[in-house]
Structures are given as C-alpha cells and as structure tokens.
Amino acid sequence: MLEVKQLRKTFGAVTAVDDISFTVGEGEVFTIIGPNGAGKTTTLEMVEGLQKPDRGEIRIAGLGWEKDGPRIKQLIGVQPQSSALFDLLTVYENLDVFAAFYDKSRPADDIIELINLQDHRNKKVKSLSGGQKQRLAIGLAMINDPDILFLDEPTTGLDPQARRNIWDIVLALKQMGKTTVMTTHYMEEAEKLSDRVCIVDQGMVIALDTPKNLIEGLTKEREVVLAFADSEKSAGTVLTALDSMPSVTKTHADGERLRFWTVNPEESLFHLLRWISEREDRIEQISIKDMSLEDVFIAYTGKEWRD
Ligand SMILES: Nc1ncnc2c1ncn2[C@@H]1O[C@H](COP(=O)(O)OP(=O)(O)OP(=O)(O)O)[C@@H](O)[C@H]1O
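Residues numbered from 1 in each chain as written. Predicted model: local features only at pLDDT ≥ 70, side-chain atom pairs only at ≥ 80, totals over all residues. Heavy atoms only, no water.

In the annotation of an unreviewed UniProt entry, the chain is listed under the name ABC transporter ATP-binding protein and assigned to Paenibacillus contaminans. The heading Sequence similarities (unreviewed entry) in the UniProt record of the chain holds the text "Belongs to the ABC transporter superfamily." Under the UniProt heading Subcellular location (unreviewed entry), the entry covering the chain gives this text: "Cell membrane". (UniProt positions renumbered as here; feature names shortened; annotations may be inferred.)

The local shell around the ligand holds 13 residues, among which Gly37, Lys40, Thr41, Thr42 and His185 are the closest. Interatomic distance of 3.1 Å between a side-chain N/O atom of Asn36 and an oxygen atom of the ligand. For the ligand, whose accessible area on its own is 640 Å², the fraction buried by protein is 60%. Those elements giving two or more residues to the shell around the ligand turn out to be strand 2 (14–24) and helix 1 (40–47). With 3 residues, helix 1 is the single largest residue contributor to the shell around the ligand. Here the residues of the shell around the ligand are counted per class, giving 5 nonpolar, 6 polar and 2 charged. (Near = heavy atom within 4 Å. Polar contact = N/O pair within 3.5 Å; in protein donor to acceptor, adjacent residues only side chain to side chain. Areas by Shrake-Rupley, 256 points an atom, 1.4 Å probe, with all protein chains shown as cover. Helix = DSSP H or I, 4+ residues; strand = E, 2+ residues; numbered from the N terminus. Nonpolar A, V, L, I, M, F, W, Y, C, P; charged D, E, K, R; others polar.)

By size, the foremost hydrophobic cluster in this structure holds 30 residues, and its most contacted members are Val91, Leu95 and Leu136. At the level of elements, helix 3 (91–99), helix 4 (108–114), helix 5 (130–142), strand 6 (148–152) and helix 6 (160–175) are the ones that each hand at least two residues to this core. Among the elements that line this core, the one with the most residues is helix 6, at 6 residues. Among all residues touching Val91, those that are not within four sequence positions of it are Ile112, Leu117, His120, Arg121, Lys123, Leu128 and Leu136. Formed by 24 residues, the second largest nonpolar core is a distinct cluster that contains Ala38, Val47, Ile76 and Ile148. (Core = buried A, V, L, I, M, F, W, Y, C linked by side-chain atoms within 4.5 Å. Buried < 20%, exposed > 50% of the residue type's maximum accessible area, 1.4 Å probe, protein only. Contact = heavy atoms within 4.5 Å.)

If you want it as structure tokens, here you go:
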C-alpha cells in the first residue's frame, strides 16, 4: 500500500530526515514513534505530498507524487490541524464543506457516527472540547472515503479518556479495512494500536517490527521490585542472599525497597521467598516489571524515553 525508500530532508544545516525506509501493508495500523525532533512530522508530510524530499522514493498504491498527484489525493486522507477547522461552522457543516473538495465522499452523518459526535452534530466547532475537535479532524480525513489515512499525533495533549476515544476510532478504521499511518509520542498507544511500530531517532529508523517482536527481542532479563514491611535491615540481608544467586545479574537497595534483575524470575523468586519465610521477614509487595516499547527504545538508543 505504501513504500518509502531512503527518504532524506534537510532544512539548511538541520537534517530533519536522514535515511528513512519502510513499507506499510493494506489494512495495517503503522505507527512512527520517536522523541521530539526525531523527524516524524517531516516524514509524514513528505509521504502526504506536503513537502518534497531531497532524496528518496514514495509510492502509494504503486503511484508516485510527481506523475500521479491528483490520483493519490483521492486515495489518501490527511488529518488537518485542529486550527484548520471552521470554528463558526457546525460539525456537520465542516464535513459538508470538506466533502466538496473531492470527487467522491462518504455521507457526513456516517462519519459523525464513526467519530461518535452524534450529540454534537449541530454544534459549532468553537464550542467543542479538544478531544472532540481531534475526532472531527479525523472525520475530515475520512470524508473522501480514503484507503489510507495519515494521522499526525492525533492524541497529543488529550486527557486519557479522550485519547481512548481516538483509539476506538483507529480500531474501527482497521475493522473497516483502512490502512492507517500515524505518529505518536506515547509508547503505550503505539503498543496497543499498532500492527507494526517504526521507532525513529535523529532522522533514522532504529527499529521496525510488531510491538510483540520488538519487546520479545529484548534481553530476557527482568526487573523485580520488592518492598519490605519491617525495615531496611530486611532489605540489606536479602540483598546478600540475592547476590549469591546465579540467575540474578544486578541488585539495588533503596531504603525498604529492593530492585534486582534476573534472567529467571520464577526460579529467583522461589528461592528468595523460601529464604525469606525461613527468616520470618515480611514482604509487603512484589512486582515483576513488564517490558515495554519504552525498554526497546532505551535498548536501541541508550537514551531514556520522555513523552
Ligand atoms: N520547516 C522547517 N525548517 C527548519 N527546520 C525544521 C523544519 N521542519 C522541521 N525542522 C527541524 O527538523 C527536525 C525534525 O522535525 P520534525 O517536526 O519532523 O520532528 P518530529 O519527530 O515530528 O518532532 P515533534 O515530535 O516535536 O513534532 C527538528 O530539528 C526540527 O526543528
């Protein structure tokens, strides 16, 4: 559905996109994730035909922007910035105005249902919340019934409930067989929604796969956190016990909390709990930290992830 090869874009001395390649299959939710300034928006805008790459190739359903621009525009849907909405028009009227730009369009009321704004159909945009405006922006991207949708950070700045409402729309689009290419800052979102994730940093692809494969490809080492009911003393003695276990690779005591890393959490915890119960120490809490895309980012870049 979409093929991107060796894209590059510079602005003066700034290399926004250095070398980015990926392909997106039909019906996929494909997410480009990366820190601020990684080159996500520039990449998306080149794919959308809004910016011309310095180098590289873009094919959408086999078509290229130079020769087939008008045909591509009928196949794609681009979420406008919220600021591009007509504030003094209603939800319905905004959809109606955008429909006029295309040869074919979906009925505005179908879209209103898809974006769950039925109760706000006749309200002016200026009275909508941020999340409702974002939903309308996605609806506008859908007006020409495109095969492939481009959503640039559709949930940035929204509260958790409003973000979930957008996730529901992306999942509904997937059910309809649409292809979605989106960008996000939120790792959790990428993990939940995407068939595949492309992690970019400094204008380069650093990892690209399904969230599951990316996470499973990490080291098998897991982090376990223990909190003791009684005292720092318990943590101190347990630390000594942990240091003698072969599957434990690293330990860290922090007051009454103890963290350790093990390549075999089940075995380590089995021995540790037996040891603790023999000594009648009391543990208040045990948790094994789940690996996430955040850990994938850290593993590939050596940098902490910040939203
Ligand atoms: N029109 C422009 N002129 C000059 N520099 C630009 C321009 N557009 C982007 N850049 C620079 O290119 C780099 C990549 O920007 P881009 O917006 O693509 O990153 P991003 O990953 O989308 O970041 P964010 O998450 O902050 O939106 C940044 O250093 C940015 O300042």
